Amino acid sequence: MTTDTGPARTLARVLVPLLTALALLLLPGPGPGGGTADAVSVCHGRPTRTVTFPTGELRLYRTRQYVCAVTVATRPGPRRAMAVSLQPRGARPVVRSGRFDRQVGPVTVHALHRCVRVGGSVAGRGTVTGWILC
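Residues numbered from 1 in each chain as written. Predicted model: local features only at pLDDT ≥ 70, side-chain atom pairs only at ≥ 80, totals over all residues. Heavy atoms only, no water.

A few words on the sheet that holds strand E1 (residues 46–53). Hydrogen bonds along the backbone pair up the strands of a sheet, which may run parallel or antiparallel. Reading across from one edge, E1-E2-E3-E6 is the order of the 4 strands in this open sheet, with antiparallel pairing throughout. Because the sheet does not close on itself, it has two edges, and the strands there are E1 and strand E6 (103–110). Going from strand to strand, the sheet's axes swing by 15° on average, the running direction of each strand aside. Note that strand E3 (residues 66–73) and E6 share 6 bridges and pair antiparallel. Bridge pairing in E6 places Val72 opposite Gln103. (Pairing = 2+ DSSP bridges. Helix = DSSP H or I, 4+ residues; strand = E, 2+ residues; numbered from the N terminus. Axes fitted to C-alpha atoms, helices over the stretch in contact; angles between N-to-C directions.)

One pass over the full model with this rule turns up 1 salt bridge. Linking Arg59 and Glu57 is a salt bridge whose minimum nitrogen-to-oxygen distance equals 2.6 Å. Judged by relative accessible area, which is 23%, Arg59 ranks as partly exposed. (Salt bridge = Lys/Arg side-chain N within 4 Å of Asp/Glu carboxyl O. Buried < 20%, exposed > 50% of the residue type's maximum accessible area, 1.4 Å probe, protein only.)

Among the structural elements, Ile132 can be located in the segment after strand E8 (125–128). Under the relative-accessibility criterion, Ile132 is labelled buried at 11%.

Before going further, it helps to examine the pairing of strand E5 (residues 94–100). Relative to E5, strand E4 (residues 80–88) is paired through 7 bridges, and the arrangement is antiparallel. Bridge assignment links Val84 to a residue of E5, and that residue is Arg96. Between the end of E4 and the start of E5, which pair antiparallel, lie 5 residues, with Gly90 showing a positive phi angle near 90°.

Turning our eyes to something else, we now look at the state of the cysteines. Considering all chains together, one arrives at 2 disulfides under this definition. Residue Cys43 pairs covalently with Cys68 via a disulfide, S to S 1.8 Å. Given an S-S torsion of about -55°, the disulfide between Cys43 and Cys68 has left-handed geometry. Residue Cys43 is located in the loop between helix H1 (7–26) and E1, and its partner Cys68 is located in strand E3; the two are separated by 25 residues in the primary sequence. (Disulfide = S-S within 2.5 Å.)

This brings us to the side chain of Glu57. Looking at the element boundaries, Glu57 is found in strand E2 (residues 56–62). Within the local environment of Glu57, its side chain forms a polar contact with the side chain of Arg59, the two groups lying 2.6 Å apart. Excluding residues that lie within four positions of it along the chain, Glu57 makes contacts with Thr50, Val51, Thr52, Val70, Thr71 and Val72. (Polar contact = N/O pair within 3.5 Å; in protein donor to acceptor, adjacent residues only side chain to side chain. Contact = heavy atoms within 4.5 Å.)

Generally speaking, nonpolar side chains in soluble globular proteins are found buried as a group. Counting residues in each nonpolar core, the largest one holds 20 residues, and the members touching the most others are Leu86, Val116 and Val118. Elements with a contribution of two residues or more to this core: E1, E2, E3, E4, E6 and strand E7 (116–122). In contact with Leu86, other than residues within four places in its own chain, are Val67, Cys68, Ala69, Arg92, Pro93, Val94, Val107, Thr108, Val109, Val116, Arg117 and Val118. Cys43, Tyr61, Cys68 and Val70 belong to the second largest nonpolar core, which has 5 residues in total. (Core = buried A, V, L, I, M, F, W, Y, C linked by side-chain atoms within 4.5 Å.)

See the structure below:
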């Protein structure tokens, strides 16, 4: 008994694996772009330190030459006063403040071989670090 593999069957053998691979590349997964919004950072670099305070937390990220800071509210809600500041030693602080509902920032400074002082607040309560990342 002979079986005839027509052109439709041959085409299906080629297209099915190709379309499957294409679907796996385009659909979001657990890799980059497939996580939650909380996993995505607005700062470049690796997470260096997280400083918590009663109404939120201050997140620091660092590359070789730059330090970035973001203040995130513990409970997102209505707009309220929030601020983040980042000061490299020997320079003026960079401050971002206003009324926000979830986070304020990012603030980035050049801090190659320099300590930084970081501050953040949510609804009037916050924290200021000493000189860190030296």
